Amino acid sequence: MHFTVAVLSKSIEGYCELLAPYQENNMGTCPMEYMEFEDVEEEYLEEYKNESIKKVVMPDGRLLDRYDKEVRNIDDSKLNIKNIPASEIYPTFKEYMEKHVGFYEKDKRTGKYGYWYNPRAKWDWYLLGGRWRGMLLVRDDAPSLVGTPGVFGDDLETREAPKGYKWVDVAKIKDIEWKKMKGLSKENAIKDWEKVMNMDEKDKGIESFLYGIRENDTKESYVERLSNFRTFAVLTNNGEWYEQEYGFEEEWEKEFFDKFIKSADPELFLAIVDCHI
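Residues numbered from 1 in each chain as written. Predicted model: local features only at pLDDT ≥ 70, side-chain atom pairs only at ≥ 80, totals over all residues. Heavy atoms only, no water.

1. A few points about the overall build of the protein chain
For clarity, the threshold we go by: What counts as a helix is a DSSP run of H or I of at least four residues, what counts as a strand is a run of E of at least two, and both are numbered from the N terminus. The globule rule is 2.2 Å times the number of residues to the power 0.38, and the radius of gyration it is compared with is taken over C-alpha atoms. Each residue is assigned to one of three classes by its accessible area relative to the maximum for its type, calculated with a 1.4 Å probe on protein chains only: buried under 20%, partly exposed between the two thresholds, exposed over 50%. By the convention used here, residues are in contact when the closest approach between their heavy atoms is within 4.5 Å.
Tallying secondary structure elements over the protein chain gives eight helices and 15 strands in all. Against the compact-globule benchmark of 19 Å for 277 residues, the protein chain has a radius of gyration of 27 Å, which places it well outside the compact range. If one aligns the C-alpha atoms of the protein chain with their principal axes, the spans along those axes are about 80 × 50 × 35 Å. A buried classification covers 38% of the 277 residues belonging to the protein chain. Contacts in the protein chain between residues at least 24 apart in sequence constitute 71% of all its contacts with a sequence separation of at least 6.

Written out as structure tokens, the structure is:
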């Protein structure tokens, strides 16, 4: 899943440092300082000692899993299916962990079976800008950064900004042209609403979904919502993470600007980051 994060930081590239504590332990690249070890040895040892595993007993004595290709298409009534204690199938706990559970070795740091994870994980990779490149409008001379487009590219190179302005992904809050952005968003939302409403009924349903038009929307409610600046999540300069909760989208949309932008130090940089999890 891709989602937008507004990161508030004291420096123009400060978003990187603030995002670091929220990295998932993918590909073993998450710094150890953010990790915790999940010990699974006791849990699986208990299973090994006390639980049984359903197996198909073949005439030659072999034990197969029920969905082994050799027997998967044979009816249960024609098979000798038994629950066999795990300790009988696997002579040692080590063999049980390797062949049944999938742990081929113990963790080198702890000497136990388990895995390291980040309990605060929110992303496994990210791009500055990405799918949402160019969300912020600033004057041409404002300190800023433009990020990397998403895998499908974007229209930033051809998208026209008002004369004397540019679309960016990082800028100081005080330099961002919030009123102009809202005005431009309103214009685009009005065009989108009218475009969908003028479509044939057979096309209107899917296009309404694609343009984010909700069932009970009026033109006014749609335009207002689409012109309100917001992201899915916010990471403050103090390292606190906030995100939109399912079922509370309207509250998040209405409160976003006052809660996270208007109340923030205008000297802080705001970065728009495309996160994936």
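2. Here's the deal with the nonpolar core
Our working rule: Buried Ala, Val, Leu, Ile, Met, Phe, Trp, Tyr and Cys residues that are joined via side-chain atoms within 4.5 Å together make up what is termed a nonpolar core.
By size, the foremost hydrophobic cluster in this structure holds 26 residues, and its most contacted members are Leu-136, Ile-173, Ile-176, Trp-178, Met-181 and Leu-270. Of all the elements in the fold, those that place two or more residues in this core are strand S1 (2-9), strand S8 (136-139), strand S11 (165-168), helix H5 (178-197), helix H8 (249-262) and strand S15 (269-276). Counting residues per element, this core draws most heavily on H8, at four residues. Residues within four places of Leu-136 in sequence aside, it is in contact with Lys-166, Trp-167, Val-168, Asp-169, Val-170, Ala-171, Ile-176, Met-181, Phe-229, Leu-270 and Ile-272. Within the second largest apolar cluster, 17 residues are counted, among which are Leu-18, Leu-19, Phe-269 and Ala-271.

3. Considering the side chain of Ser-227
Here is the rule we go by: Polar contact criterion, stated in full: a pair of N or O atoms within 3.5 Å, where within protein one must be able to donate a hydrogen and the other to accept it, and residues adjacent in sequence count only if both atoms are side-chain atoms.
Along the chain, Ser-227 turns up in helix H7 (residues 219-227). A polar side-chain atom of Ser-227 sits 3.1 Å from the main-chain carbonyl oxygen of Glu-224. Beyond its immediate stretch of four places on either side in the chain, Ser-227 contacts Lys-182, Ser-185 and Lys-186.

4. As for the environment of Leu-268
Tracing the chain through its elements places Leu-268 in the loop between H8 and S15. Among residues more than four places away in sequence, those in contact with Leu-268 are Leu-8, Ser-9, Lys-10, Ala-171, Lys-172, Ile-173 and Asn-237.

5. Here we look at the environment of Lys-174
With respect to the helices, strands and loops of the structure, Lys-174 is situated in the loop between strand S12 (170-172) and H5. Residue contacts for Lys-174: discarding those within four places in its chain leaves Pro-266 and Glu-267. A distance of 2.9 Å separates polar atoms of two side chains, one belonging to Lys-174 and the other to Glu-267.

6. Considering the packing of helix H2 (residues 41-50) against helix H4 (residues 93-101)
Threshold: The convention used is that axes are lines fitted to C-alpha atoms, helices contributing only their stretch in contact, and that angles between N-to-C directions extend from 0 to 180 degrees. Roughly parallel refers to an angle under 35 degrees, roughly antiparallel to one over 145, roughly perpendicular to one between 65 and 115, and oblique to any angle outside these ranges.
One can describe the packing of H2 onto H4 by two numbers: an axis separation of 11 Å at closest approach and a directional angle of 100°. Taken together, the axes of H2 and H4 lie roughly perpendicular to each other. Facing H2, whose interface residues are Glu-41, Tyr-44, Leu-45, Glu-47 and Tyr-48, H4 presents Phe-93, Tyr-96, Met-97 and Val-101.

7. Observations regarding the side chain of Asp-169
This is how it is decided: Note that His is not counted, nor are the chain ends; the positive residues are Lys and Arg, and the negative ones are Asp and Glu. Should a side-chain nitrogen of Lys or Arg be within 4 Å of a carboxyl oxygen of Asp or Glu, the pair is scored as a salt bridge.
By the element assignment, Asp-169 lies in the loop between S11 and S12. With no salt bridge to any partner, buried Asp-169 finds its closest opposite charge in Arg-133, at an N-O distance of 5.2 Å. Separated by 2.6 Å, the side chain of Asp-169 and the backbone nitrogen of Gly-147 make a polar contact.

8. A short note on the packing of H5 against H7
A packed helix pair is summarised by two numbers, namely the angle formed by the two axes and the spacing between the axes. Which entries qualify depends on this criterion: It is the rotation of the near helix from the far one that decides the hand of a crossing: anticlockwise by less than a right angle makes it left-handed, clockwise makes it right-handed. All amino acids are sorted into three groups, where Ala, Val, Leu, Ile, Met, Phe, Trp, Tyr, Cys and Pro are nonpolar, Asp, Glu, Lys and Arg are charged, and the leftover types, Gly among them, are polar.
Packing of H5 against H7 brings their axes to within 8 Å, and their N-to-C directions diverge by 140°. Between H5 and H7, the interaxial angle falls into the category oblique. Note that H5 runs across H7; the crossing there is right-handed. Taken together, the residues of H7 that come into contact with H5 (itself represented by Lys-182, Ser-185, Lys-186, Ala-189, Ile-190, Asp-192, Trp-193 and Glu-194) are Lys-219, Tyr-222, Val-223, Glu-224, Leu-226 and Ser-227. Residues of the contact of H5 with H7, tallied by class, amount to six nonpolar, two polar and six charged.

9. Some remarks on the pairing of strand S3 (residues 52-57)
For clarity, the threshold we go by: When DSSP finds two or more bridges between two strands, those strands count as paired.
When S3 meets strand S5 (residues 81-85), the two strands line up antiparallel, connected through five bridges. Across the sheet, Val-56 pairs through a bridge with Ile-81, a residue of S5. Here two bridges tie S3 to strand S4 (residues 63-64), and the two strands are oriented antiparallel to one another. The residue of S4 that forms the bridge with Val-57 is Leu-63. What sits between the antiparallel neighbours S3 and S4 is a turn of five residues, in which Gly-61 has the positive phi angle 95°.

10. Let's talk about the state of the cysteines
Note on terminology: a disulfide is the covalent bond linking the sulfur atoms of two cysteines. Note the following rule: Cysteine sulfurs are considered disulfide-paired once they come within 2.5 Å of each other.
All chains considered together, the criterion is met by zero disulfides. Note on Cys-16: no disulfide assigned, nearest cysteine sulfur contributed by Cys-275 at a separation of 11 Å.

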